[in-house]
Amino acid sequence: MDYFIELLFSGLSRGAIYALIALGYTMVYGIIGLINFAHGEIYMIGAFTSFIIATILTILGFPGLAIILLAGLAAVIWSASYGYTIEKVAYKPLRHAPRLSALISAIGMSMFLQNYVLLAQTSDFLPFPQLVPDFDFMEPIAHIVGSSDMVILVTTTVVMICLTILIKYTKIGKAMRATSQDRTMAMLVGINVNRIISITFIIGSSLAAIGGMLVASHIGQINFYIGFIAGIKAFTAAVLGGIGSIPGAVLGSVVLGLTESFATGYVSSDYEDVFAFSLLVLILIFKPSGLLGKADTQKV
Amino acid sequence: MFTFEELKRSFLVSIWFVFLTFPIMVIRVDSIEKTVQWRWMNMVYVAIGSFILSFVFRYMMQRKEMKSEDNGDGDKKDKTGRSFIHRWLADPKYRNAILGSLLAAAIIFPHVFSTYQTSIMTTALMYVVLGLGLNIVVGLAGLLDLGYVAFYAVGAYTYALLYHFFGVGFWVALPIGGLLAALFGILLGIPVLRLRGDYLAIVTLGFGEIIRLVMENWGAFSQGPSGVSNIPRPSFFGIDMSLDTALVYTYYLMILLVIFTIFFVNRLQDSRLGRAWIALREDEIACQAMGIDKMKTKLVAFSLGAFWAGIVGVIFAAKTTFISPRSFTFIESAIILSIVVLGGMGSIIGVIFGALILILLPEYLRALSEYRMLAFGAILVCMMVFRPQGIIGSIRRTYTYQNRKKADGEVS
């Protein structure tokens, strides 16, 4: 039973990380209908930025909590800037081009960023400092649920609640929903669509950066390639939940996280990634609209 | 030309990029030794580079906008829109001369240059065929296949494992590898081709990874990460060949395959099927309304593309005599896609040029090979933003009404 609960929690925290990344995919998809392939790379850049800042702060002798907060803030700021810039450089000129063009541009961007970090930093795995301390009150259940698992779950929940409030109850959220429903109409009622798209990229990238920092500190090592697999899996989660739907992305991420956790725990850990990809293929075959997505009817 | 306004804008762009690249480019930390390395020179490079690039970017954007305005006013661009290569090839007088001299150059190549050069050229030719194969899928049918390398891997492993377990020779494995890859293409295509294009991209990407992961982990079948070694080179009626001769032989084999592929794809493009692909790429719904079986047409494109990848896979296994899952990563797919995009989607000459440029250039500019993947990524973005048709774009089939109302012959 302990083993089951352990797998459950590791699956949940995995799912929480996927959710942070998947939200960026699903929001961008909802607004401009593009699979932002470079999103995984934003997550990777977030992890790298927080790694660099955290190491500097550790050397300077800052206290633990300040390191977490400052490194997280830096990761969010820089990842958001990258997201914003990528949109301006690689996607905005292609807004009226065929979908394939924007997708290829996104793949190019992803390759570019990967190799940019590879060349500017290193190709080795870097040991990431453990930012989250082992809490005392977690002691009795520490063999089942780690402190960092708990931090991931709590942080993700808080972030989700903030995001829901932002989208449901603020003016920006309203504008975002309007833009995703009908861009031309949104423009007609006076919404600055370009600004909304930029904001979407900034929010999505910030979430990915938080995810990047949390997972890097949880796993304990990073390299330039982590964004690729994480990106595909988060995309799988977004599709599983129904791409374009925000609650769907969270649900899909949790389902994917649990599936992976149990499959690796009870079946085999060699095929961890195969499970995720097979799940993706299966969903797309049987329910391409996802768990919570609306069926996509095309007007002629 | 450089107004104050423009200088200011570029200056701001440059400041923004300095900020953006600051943590990654300037700082490098070592968390074990607890040292920080500040590389201020990189900051200067970024500042200057982004300052200049912002001018280039704006200039290119302006040019693109001017072009699209030009295109708007009528058909006078019809003739001038073609690159000189197309015009040369359309003229039979030049065409025969060009093709003849190219063929002659290709034939004497291994006798003039060293074995090393021949080996590189063979690799480049393999990418030409891979590019042409992917061109059927991406360029003609408009299906973005990001797992093309999976079919390549199927071909390579078919030969390697058939030889390993049953001692099957190269010539028997060649068609089997191609057919098996095509079969995989159909099996994967049936479920996913119903989906919209961007899903297809991800599923094929996932499939490519699955094939690689299975090959890596299923040790009993594929010998795992260590790969299959001692694969025999292509045979020629059982004659024993030295290493050099075998290489030259493989080179000629590739030349033949390239010629066959060009011929085949060229004929295919003008066939009913090829026209159906192009129509499908442009507008699926209209296409279905015209009575084209969408599924079947897409499946044929997908499996034909896979077939070519499988064939080249077999030759790859025979040429290198050793394969491992590491040869079949996503990067390979990305390289082949870059070839198609750089050359021009749907354009045969473009793809050939793209393959030769992208494969040969990094080989000869060794100093730059580190930056190869960075450049490939940048190429994909820049091509899409500034020149979506590629360096040598394909020509649309158009009819020009001349005096005798004769349709213009097309070669592309």
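Only a predicted model underlies this, so the values are computations on that prediction, with no experimental measurement involved. (Residues numbered from 1 in each chain as written. Chains lettered and ligands numbered in written order. Predicted model: local features only at pLDDT ≥ 70, side-chain atom pairs only at ≥ 80, totals over all residues. Heavy atoms only, no water.)

## Thoughts on the interface of chain A and chain B
Taken together, the 61 residues of chain A in the interface contact 61 residues of chain B. For the pair chain A and chain B, the two sides together bury roughly 5,500 Å², of which 78% comes from carbon and sulfur. One can count zero salt bridges joining chain A with chain B. Among the elements of the structure, helix H2 (39-60), helix H3 (64-91), helix H4 (99-120), helix H9 (226-241) and helix H11 (272-286) of chain A are those that each provide at least two residues to the side of chain A that touches chain B. (Contact = heavy atoms within 4.5 Å. Buried area = accessible area lost by both parts, 1.4 Å probe. Salt bridge = Lys/Arg side-chain N within 4 Å of Asp/Glu carboxyl O. Helix = DSSP H or I, 4+ residues; strand = E, 2+ residues; numbered from the N terminus.)

## Observations regarding the confidence of the model for chain A
Predicted confidence across chain A gives a mean pLDDT of 86, with 96% of residues reaching 70 or more. For chain A, per-element mean pLDDT is lowest for H11 of chain A, which scores 78, and highest for H3 of chain A, which scores 91. (pLDDT = per-residue confidence, 0-100.)

## Structural notes on H2 of chain A
Over its 22 residues, H2 of chain A runs 32 Å from end to end, which matches the ideal 32 Å to within 8%, given 1.5 Å per residue. Positive phi appears at Gly61 of chain A, one or two residues downstream of H2 of chain A, with a value of about 85°. (Expected span 1.5 Å × (residues − 1).)

## Comments concerning the packing of helix H1 (residues 2-32) of chain A against helix H6 (residues 171-181) of chain A
Residue and element names in this part refer to chain A. Between H1 and H6, the least distance of the axes is 6 Å, while the angle of their chain directions is 60°. Considering their axes alone, H1 and H6 lie oblique with respect to each other. Residue-level inspection shows Met27, Gly30 and Ile31 of H1 in contact with H6, the latter providing Met176, Thr179 and Ser180. The residue makeup of the contact of H1 with H6, split by class, is three nonpolar, three polar and no charged. (Axes fitted to C-alpha atoms, helices over the stretch in contact; angles between N-to-C directions. Parallel < 35°, antiparallel > 145°, perpendicular 65-115°, else oblique. Nonpolar A, V, L, I, M, F, W, Y, C, P; charged D, E, K, R; others polar.)

## Thoughts on the packing of aromatic side chains
Applying the stated criterion to the full structure yields 36 aromatic pairs over all chains. Consider the rings of Phe51 of chain A and Phe128 of chain A, whose centres lie 5.7 Å apart with planes at 35°: the pair is tilted. On the criterion of sequence distance, the pair formed by Phe51 of chain A in helix H2 and Phe128 of chain A in the loop between strand E1 (126-127) and helix H5 (147-169) is long-range, its members being 77 residues apart. Per residue, the accessibility class of Phe51 of chain A equals that of Phe128 of chain A, and both read buried. Aromatic pair Trp16 of chain B and Phe19 of chain B: ring centres 5.5 Å apart, planes at 40°, arrangement tilted. With Trp16 of chain B and Phe19 of chain B both in helix H1 (residues 4-26), this residue pair falls three residues apart, about one helical turn. Here a set of aromatic residues connected by ring pairs shows up, and it is made of Tyr148, Phe151, Phe184, Phe207 and Phe302 of chain B. Looking at Arg58 of chain B, its charged tip hangs above the ring of Phe55 of chain B, at a distance of 5.4 Å from the centre. (Phe/Tyr/Trp six-rings, centres within 6.5 Å; stacked < 30°, edge-to-face > 60°. Buried < 20%, exposed > 50% of the residue type's maximum accessible area, 1.4 Å probe, protein only. Lys NZ or Arg CZ within 6 Å of the ring centre and 35° of its normal.)

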